[in-house]
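Fold and geometry: a report
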Protein chains: 2
Amino acid sequence: MTSSQTSRGKLYGVGIGPGDPELITLKAYRIIQDADVLCYLCNAEDQTRITGQTHSAGHSQAKSIVKAFIDQRKVPPQELAIAMGYKHDRSDANARYDQAAEQIRIALDQGKDVAFLCEGDPLFFGSYAYLQERLCDQYSCEVIPGISAPQAAGAVAGIPLAMQTENYAVLSGRLDSEALIQQLTNFDNLVIMKAGRARPRIIDALKETGRLEDATYVEYATRDNQRIVYDLNELDNEAGPYFSLFIVTRHSDLRKWS
Amino acid sequence: MTSSQTSRGKLYGVGIGPGDPELITLKAYRIIQDADVLCYLCNAEDQTRITGQTHSAGHSQAKSIVKAFIDQRKVPPQELAIAMGYKHDRSDANARYDQAAEQIRIALDQGKDVAFLCEGDPLFFGSYAYLQERLCDQYSCEVIPGISAPQAAGAVAGIPLAMQTENYAVLSGRLDSEALIQQLTNFDNLVIMKAGRARPRIIDALKETGRLEDATYVEYATRDNQRIVYDLNELDNEAGPYFSLFIVTRHSDLRKWS
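Within any chain, residue numbers begin from 1 and follow the written order of that chain's sequence. Here every chain gets a letter starting at A, and every ligand a number starting at 1, in the order they are written. Note on the predicted model: pLDDT of at least 70 is required for a residue's local features to be given, and 80 or more for side-chain atom pairs to be given and counted; whole-chain, interface and lining totals, by contrast, use all residues. Derived side-chain values reflect all non-hydrogen atoms in the structure, with water molecules and hydrogen atoms excluded from consideration.

Looking at an unreviewed UniProt entry, one finds chain A named Precorrin-2 C(20)-methyltransferase and attributed to Litoribacillus peritrichatus. UniProt positions are given in the numbering used here, feature names are shortened, and annotations may be inferred rather than shown by experiment. Listed under Sequence similarities (unreviewed entry) in UniProt, the entry text for chain A is "Belongs to the precorrin methyltransferase family."

See the structure below:
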């Protein structure tokens, strides 16, 4: 390794969990205190959520989770916000990740350590993977895993996601109905993520496979606006927010508050 | 709620992650500092692992992960060890969980808060679920999620477990070959857990489905004896340790150290 390489900074993909600031790891906390640069996604434009909550352009959900910890720093970090819209298509998003990777590259070349704050777990549907893809062939990278949305939802609803030698699948709400029905038949335990717009279709698939009573619906697990629905007959057959999921399990009889 | 109920203690299922003590959450740390009673599984008999490492009867892997944090306490906790053998069959294990639940019940009735230390995530193949099952209809219970083995393995190997709208499955190494081959064909991303004794069978299934190059093998992620094998042609076709898994993903080209 040449001296120019050893003096380069390091990129950290830091999982900051589902929303409750206390659910970040000790290691994530330490890196948030020490990194020269904190990088995160923020809204490219104003967003009004289905819940009626509005987040203005520039708002970063990731930064807001750990804001209290950033405020504890003796030396404020350099901050690098990557504006990203929900409406951006893949090529649009890729162009923005390209730009962000260039800015991160400059900081790393200056010997600065850069921590990318990633909601949930950086490598489980996390945005960090797009930066790793662009940078980790040339720069030292390290991932700090974080609590993912299914784990948070299981915890707040008190439902074992999987036990013993069972199988477990995580599906996207965008999966077509036929594939959804097939997996609901094949797997004992499933989580269906990003259930927002697909909610009516998912409820139909649960009914068709006789698994409505195995299912629990969770929105915004561990956040202030958390919502848990144990009896899906009480759930409107309408679109829900992006941060919502269904847990479908053979252990629904173990739900402690049902 | 009567006054006798309000004075009861609370049961916490505390995820302590994969082995690196820094990968516990701030909340887990706080509860380890504050709980009246710390409860954990320990070895019922001496164990010699495939690696040659020996753990004597009474050794607790869970306690050893957070020992430094327990030692920081001003008031040492009451400790409650549940002896459990790898060789115990289900009914044997159930009898031991019954006994443990009785002891925990006594502490809760005395108004003591009990924290059960659970490797990985308490509700993701975690032993905590057996205590929740026995106690949470009568006592207040709360789960603190923890970093699970697949997340830890993905992080140390630098492999995205899933991206965008992909699907992801977690399978047991005990699954029969036919089912294993079916899921390796159906799912882009999979983790095959508890791969120890099934290693030769899993390698055969990977070859048969043309996915050997998609697979990475990880033992003891984040622990001192961690081992990562990116090129599975270098992996002996022999049994491995219990704490081993395969990550199979379409993103193997993103493995940063490959």
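It is worth spelling out the overall build of chain A at this point. What chain A contains, in helices and strands, is eight helices and twelve strands. A compact globule built from 258 residues would reach a C-alpha radius of gyration of about 18 Å, and chain A, at 20 Å, matches this within 12%. Sorting the 258 residues of chain A into buried and exposed places 58% on the buried side. Taking the contacts inside chain A whose residues are at least 6 apart along the sequence as the reference set, 71% of them involve residues at least 24 apart. For chain A, the exposed surface amounts to about 10800 Å²; the carbon and sulfur share of it is 44%. In chain A, 27 positive and 34 negative side-chain charges are present, and the distance between their average locations comes to 4 Å. Numbering of helices and strands runs from the N terminus, with a helix taken as a DSSP run of H or I at least four residues long and a strand as a DSSP run of E at least two residues long. Throughout, radius of gyration means the C-alpha value; the globule benchmark is 2.2 Å times the number of residues raised to the power 0.38. Each residue gets one of three labels from its accessible area relative to the maximum for its type: buried under 20%, exposed over 50%, partly exposed in between, using a 1.4 Å probe on protein chains only. Should any heavy atoms of two residues lie within 4.5 Å, those residues are considered in contact. Note on areas: Shrake-Rupley with a 1.4 Å probe; residue coverage comes only from the protein chains shown. Charged residues are defined narrowly, with Lys and Arg counted positive, Asp and Glu counted negative, and His plus the chain ends left uncounted. A charge is said to be at NZ when it belongs to Lys, at CZ for Arg, at CG for Asp and at CD for Glu.

With that settled, consider the side chain of Gln151 of chain A. Among the secondary structure elements, Gln151 of chain A is positioned in helix 6 (residues 149-157). Whenever a nitrogen or oxygen atom comes within 3.5 Å of another N or O atom, the pair is scored as a polar contact, on the condition that within protein one atom can donate a hydrogen and the other can accept it, and that pairs from neighbouring residues in sequence are kept only if both atoms are in side chains. Polar side-chain contacts of Gln151 of chain A include one of 2.9 Å to the side chain of Asp121 of chain B.

Turning our attention to the sheet that holds strand 7 (residues 141-144) of chain A. Residues and elements named next belong to chain A. Strands pair, by our definition, only if DSSP identifies at least two bridges between them. Taking strand neighbours across the sheet as the criterion, the five strands line up as 5-2-6-1-7 in an open arrangement whose pairing is parallel. Since the sheet does not close on itself, it has two edges, and those belong to strand 5 (78-84) and strand 7, each with one partner. Along the sheet, successive strands turn relative to each other by an average axial angle of 25 degrees, direction set aside. In terms of strand pairing, strand 2 (residues 37-43) meets strand 6 (residues 114-118) through three bridges, oriented parallel. Across the sheet, Val37 pairs through a bridge with Val114, a residue of strand 6. Each axis is a line fitted through C-alpha atoms, taken for helices only over the stretch in contact, and angles between the N-to-C directions span 0 to 180 degrees.

Take empty space enclosed by the protein next. Residues are said to line a cavity or pocket when one of their atoms sits within 4 Å of a point; the points come from a 1 Å grid over protein atoms alone, cavities being sets where a 1.4 Å probe fits but cannot get out and pockets being open sets with protein on both sides within 12 Å along at least five of seven lines. Grid points are joined across faces, edges and corners, and a volume is the space filled by probe spheres set on the points. Inspection of every chain in the model, using the stated rule, returns one cavity of 30 Å³ or more. Taken as a whole, the largest cavity holds about 120 Å³ of empty space. Phe124 and Ser148 of chain A together with Ser148, Gln151 and Tyr168 of chain B are the residues nearest the centre of the largest cavity, which is lined by 13 residues in total. At the level of secondary structure, the elements contributing two or more residues to the lining of the largest cavity comprise helix 6 and strand 8 (168-172) of chain A together with helix 6 (149-157) of chain B. Within the lining of the largest cavity, the residues separate by chemical class into nine nonpolar, four polar and no charged. Gly is put with the polar residues, along with every residue not named as nonpolar or charged; the nonpolar set is Ala, Val, Leu, Ile, Met, Phe, Trp, Tyr, Cys and Pro, and the charged set is Asp, Glu, Lys and Arg.

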